[in-house]
Amino acid sequence: MQKFPLQLRLYRKLRHRRGYGVHSPFAFNLITKVIEEKSAFYIFETIEEIRSDLLKDNSTVSFLTQKGKIKEKTIAQIVEKECKNQKYCSLLFRIINFFLCKDILEIGGSIGIMGLYLSSASSKCRCISLERRSVLAQKSNELIDRLGTKSLEVSSGDYMQQIKELLDKNKTMDFIFINTSYDAKLCAAIIEECLKLRHEKTVLVIDGILKNKKMKGVWNDICSRNCTRLSIDLHSLGLIFFDKKVHKQHLTTFFDDGKKQNIYKRGRQGLDFFSWRKESFKSSVQIRGLWKR
C-alpha cells in the first residue's frame, strides 16, 4: 500500500485545499468543482453493489505475473488489492464528466470495477480498457454483461502491442488513465506511447506518482516536458493537461483518497500524545489480563 505520512496529509489538507493560492481560473475551477466535489451519482451505488459481491467471491484464478511466474489469487483478493476505492474512482468519473470526455483509454483495468466508473460518466463515453491478464479480462466482460453497459470494451494482451494497434488506427483519446505504478519502467514506456494518442484537450491520469523513487522520477519527467502545460500532484495520482491556453505550472493539492492512516504503527505518537498513551496503557493492561471491556 502506498504510504502517506500523517504530517504530509495534514499539511496538504491545511495548505493545499479549496484552491488556496491558485491563481489560474482553469485550475481553481478544477480543484473546487471536481477534485473536492463530494456529490454522489446514482450509478455509484450499483457499481459498489457489484464490488461488494466480488469481495465475497472466494473462487480462485491463475495468471502469469510480469516475471513469468504463475500466481493464484481469489477474486476477493484481487478486488481488494488492485481495484481503486470509491473515492478514487468517483474522482475519475467527475473529471470525465466535467471535461465531457468521449474517447477513454484505461491501461491496467484489472477486474473491471474502475472501467465501469470510467464508462458510466456519460452516455456518449466509449471506454477501451486494456488488461494484460486474459482471465481478468474475461471477468470484466462478465461485469459488463451484468451491468448491461455498451460503452466499455475490454481487451487483453501485451499493453505496448495493444497501444500500437490503437496508433495504427489513428486513434486519439480524450482521457487516458495509466494504472501500472507497480512497474515504473513499464509505466514510463506506456506514457511515451500514450503521448502519441493525445490531443490538446486530452487529460492524462497517472496512478501512484509518489509510490517510490522510480515513480517519482517518471512523474517529474512528464511534468518537465514542453508539451505539459499543467500538472497537479494529488499524491495518490497525478493529472496532466496539454492545453496550450493554460499557463505552464505545477500544483500540489489535497485529495482525500479514503485511505486510513495508522499513526501508531508509523511511530508518530507525538502527534496525538494522549491517544497514544491511552492505547499504550490499554495494551499493557490487556497483556496482564486486567482490562475490562
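Residues numbered from 1 in each chain as written. Predicted model: local features only at pLDDT ≥ 70, side-chain atom pairs only at ≥ 80, totals over all residues. Heavy atoms only, no water.

*Asks:* Teacher, can you tell me more about the overall build of the protein chain here?
*Replies:* Across its full length, the protein chain holds 11 helices and 10 strands. Classification of the 293 residues of the protein chain by burial places 47% in the buried group. Of the roughly 16,000 Å² of accessible surface on the protein chain, a fraction of 50% belongs to carbon and sulfur atoms. (Helix = DSSP H or I, 4+ residues; strand = E, 2+ residues; numbered from the N terminus. Buried < 20%, exposed > 50% of the residue type's maximum accessible area, 1.4 Å probe, protein only. Areas by Shrake-Rupley, 256 points an atom, 1.4 Å probe, with all protein chains shown as cover.)

*Asks:* How do you make sense of the packing of helix H3 (residues 42–54) against helix H5 (residues 86–99) when you look at a structure like this?
*Replies:* It is at 12 Å that the axes of H3 and H5 come closest, and there the two elements cross at 140°. Comparing their axes, H5 and H3 come out oblique. For the element pair H3 and H5, the recorded crossing hand is right-handed. Together, Ile-43, Phe-44, Glu-48 and Arg-51 of H3 and Gln-86, Cys-89, Ser-90 and Phe-93 of H5 make up the contact between the two elements. (Axes fitted to C-alpha atoms, helices over the stretch in contact; angles between N-to-C directions. Parallel < 35°, antiparallel > 145°, perpendicular 65-115°, else oblique. Left-handed = near helix turned anticlockwise from the far one by under 90°. Contact = heavy atoms within 4.5 Å.)

*Asks:* What is the right way to look at the pattern of salt bridges in this model?
*Replies:* If charged atoms from side chains of opposite charge come close, those side chains can pair. Overall, the coordinates contain 11 salt bridges when judged by the stated rule. For Asp-207, the salt bridge goes to Lys-84, with nearest N and O atoms at 3.0 Å. In this pair, Asp-207 is assigned in strand E7 (residues 203–207) and Lys-84 in the loop between helix H4 (75–82) and H5, connecting sequence segments 123 residues apart. Just as Asp-207 is buried, Lys-84 falls in that class too. Residue Glu-193 pairs with Lys-196 through a salt bridge whose shortest N-O separation is 3.3 Å. Here the residues in one salt-bridge network are Glu-82, Glu-131 and Arg-133, joined through shared partners. (Salt bridge = Lys/Arg side-chain N within 4 Å of Asp/Glu carboxyl O.)

*Asks:* Just checking my understanding: could you explain the nonpolar core for this structure?
*Replies:* In summary, soluble globular proteins display a tendency toward joint burial of nonpolar side chains. Ranked by size, the top nonpolar core spans 53 residues in total, and within it Ile-113, Phe-175, Leu-237 and Leu-239 carry the most contacts. Considering each element in turn, this core owes the most residues, 7 residues, to H5. In this view, Leu-239 contacts Leu-30, Ile-35, Ile-95, Leu-204, Val-205, Trp-219, Leu-230, Ser-231, Ile-232 and Leu-234; residues no more than four positions away in its chain are not counted. One finds Ile-176, Cys-187, Leu-204 and Ile-209 within the second-largest nonpolar core, a separate group that totals 29 residues. (Core = buried A, V, L, I, M, F, W, Y, C linked by side-chain atoms within 4.5 Å.)

*Asks:* I'm lost on the sheet that holds strand E4 (residues 126–131) in this one. Help?
*Replies:* Neighbouring strands of a sheet are bound in pairs by backbone hydrogen bonds; such pairs are parallel or else antiparallel. Ordered by their spatial adjacency, 8 strands build an open sheet running E5-E4-E3-E6-E7-E9-E8-E10, and the pairing between neighbours is mixed. Every interior strand has two partners, whereas the edge strands, strand E5 (152–156) and strand E10 (249–252), have only one. With direction set aside, neighbouring strand axes in the sheet form an average angle of 15°. Along the sheet, helix H10 (residues 213–224) contacts E7, strand E8 (230–233), strand E9 (237–241) and E10; its crossing angle with E9, the most-contacted strand, is approximately 15°. (Pairing = 2+ DSSP bridges.)

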